[in-house]
Amino acid sequence: MTDDASEGVPPGLPAPAPPGASALPEGTYAGTVVLVTGGGTGLGKAIAAEFARLGADLVIASRKEERLKAARDDLAALGGRVTAVPCDIRDPDRVAEVFDAAREAYGLPGVLVNNAAANFPVPAEDMSPNAWRSVVDITLTGTFFMTREFGRRHLAAGTPGSVINIGASYAWTGGPGFAHSAAAKAGVKSLVESLAVEWGPYGIQVNGLVPGLMPHEDMTADIRGNLDRAAPAQEDEPDQRPGELDARQPALRVGAPRELGWAATFLASPYARFITGHTLVVDGANWQRRGLVSPEVVTVREQMGRGPFVG
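This one's a predicted model, so the numbers in the text were calculated from it and none came from an experiment. (Residues numbered from 1 in each chain as written. Predicted model: local features only at pLDDT ≥ 70, side-chain atom pairs only at ≥ 80, totals over all residues. Heavy atoms only, no water.)

**Student:** Please explain the overall build of the protein as it appears in this structure.
**Tutor:** Each helix and strand counted, the protein has 10 helices and seven strands in total. Burial statistics for the protein: of 311 residues in total, 43% are counted as buried. Restricting the contact set of the protein to residue pairs at least 6 apart, pairs at least 24 apart contribute 74%. Carbon and sulfur atoms make up 54% of the accessible area of the protein, which amounts to about 15,700 Å² in all. (Helix = DSSP H or I, 4+ residues; strand = E, 2+ residues; numbered from the N terminus. Buried < 20%, exposed > 50% of the residue type's maximum accessible area, 1.4 Å probe, protein only. Contact = heavy atoms within 4.5 Å. Areas by Shrake-Rupley, 256 points an atom, 1.4 Å probe, with all protein chains shown as cover.)

Here it is in structure tokens:
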């Protein structure tokens, strides 16, 4: 028992295994091509890294070409082969080109991780039509285009495969301040459930994976700003908010990006073949958190520091 526990402070969930650890056997993904969208940064890169550690040949895709090269070098250092392909997943022709490039480099991807998405906080009444279209087109339509191309190629080849769609817990609850993203992620979750049934007879799994709060160096300015409002960063260590973010989680700690990667490698592995149509939430139960008494209502505009809507 820790000193804190002996003093009546609950310990929270244990820390994760160290970086580089895996529950799966070494070489689980040897000979498997894994395609990760949004794989150049953040959680997408963390997911790609865990597949690389297990022997996968990686194809990472992103709109931002400059980030892909650095990510390719980092991931290749883990010992596997990595190809980086620029792609706007909203364009079906570019999506097809990514799969062509993957096939030319290593073969048809056996695993697709749809991680690419767009998001930013905005009150619904202030949201422009372009803002709505941009988020929905990338997050939902782009995910469908990638999944459709993956499915069509495996159906034509008669081969099995596994799709993992990165979702969000507000697909179930709604997301005040993020109406565009919440609507799109609800669609992504629905795709998981629909396509798992359609494609199960052909050996194609489709699952979802939802991350909780997993701080990383590639967080957007909007997300970092939200964290700063919840727990101000230290001036000398801007990425450190010791204790304050942890205390806001039922686990009494935030997640590590590698924990999402471990979940992804399990869902697509030979040990999860009978799991399909399921969305796994990896967030320490934070999305299920409820108070015994409802807190005072603060409007989305107030939370974002915006004045009254004037039309």
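Let's pick the thread back up.
**Student:** Before we go on, may I ask you to explain the nonpolar core in this structure?
**Tutor:** Where a protein is soluble and globular, its nonpolar side chains tend to be buried together. Grouped together as the largest cluster of nonpolar side chains are 30 residues, with contacts concentrated most on Tyr29, Phe51, Leu58, Val113, Ile164 and Leu209. For this core, the secondary structure elements donating two or more residues are strand S1 (33-37), helix H2 (42-53), strand S2 (57-62), helix H3 (65-76), strand S4 (111-114), strand S5 (161-166) and helix H9 (257-267). Examining the composition of this core, we find that six residues originate from one element, H2, more than from any other. Apart from residues no more than four positions distant in its own chain, Phe51 is found in contact with Tyr29, Val34, Ala56, Leu58, Val111, Val113, Ala264, Thr265 and Ala268. By size, the runner-up hydrophobic cluster in this structure holds 27 residues, among which are Val95, Val135, Val192 and Ile204. (Core = buried A, V, L, I, M, F, W, Y, C linked by side-chain atoms within 4.5 Å.)

**Student:** I would appreciate a short explanation of the pairing of S2 in the present structure.
**Tutor:** Across the six residues that make up S2, a large majority, six, are buried. Side chains Asp57, Val59 and Ala61 of S2 all project onto a buried face; the interleaved residues Leu58, Ile60 and Ser62 project onto the opposite face, where all are buried too. Of the strand pairs in this sheet, S1 and S2 are connected by five bridges, and their pairing is parallel. Across the sheet, Val33 pairs through a bridge with Asp57, a residue of S2. Looking at chain direction, S2 and strand S3 (residues 82-86) are connected through five bridges and run parallel. Paired with Ile60 across the bridge in S3 is Ala84. (Pairing = 2+ DSSP bridges.)

**Student:** Please explain the packing of aromatic side chains as it appears in this structure.
**Tutor:** Aromatic ring pairs are described here by two measures, namely the spacing of the ring centres and the angle between the planes. In total, this model carries four aromatic pairs according to the counting rule given. For the ring pair Phe144 and Phe145, a centre distance of 6.3 Å and an interplane angle of 50° mean the geometry is tilted. Here Phe144 falls in the partly exposed class, since its relative accessible area comes to 33%. Taking relative accessible area as the criterion, Phe145 reaches 21% and is therefore assigned partly exposed. Between Tyr170 and Phe178 the ring centres are 6.1 Å apart and the planes differ by 25°, which places this aromatic pair in the stacked class. Among the residues examined, Tyr170 registers a relative accessible area of 17% and is labelled buried. (Phe/Tyr/Trp six-rings, centres within 6.5 Å; stacked < 30°, edge-to-face > 60°.)

**Student:** What exactly am I supposed to notice about the confidence of the model for the protein here?
**Tutor:** For residues with low pLDDT, the predicted coordinates do not support detailed interpretation. The share of residues in the protein with pLDDT of 70 or more is 90%, and the mean pLDDT across the chain is 91. For the stretch residues 235-242, pLDDT sits under 50, and the model shows 12 contacts to residues farther than four places along the chain or on other chains. (pLDDT = per-residue confidence, 0-100.)

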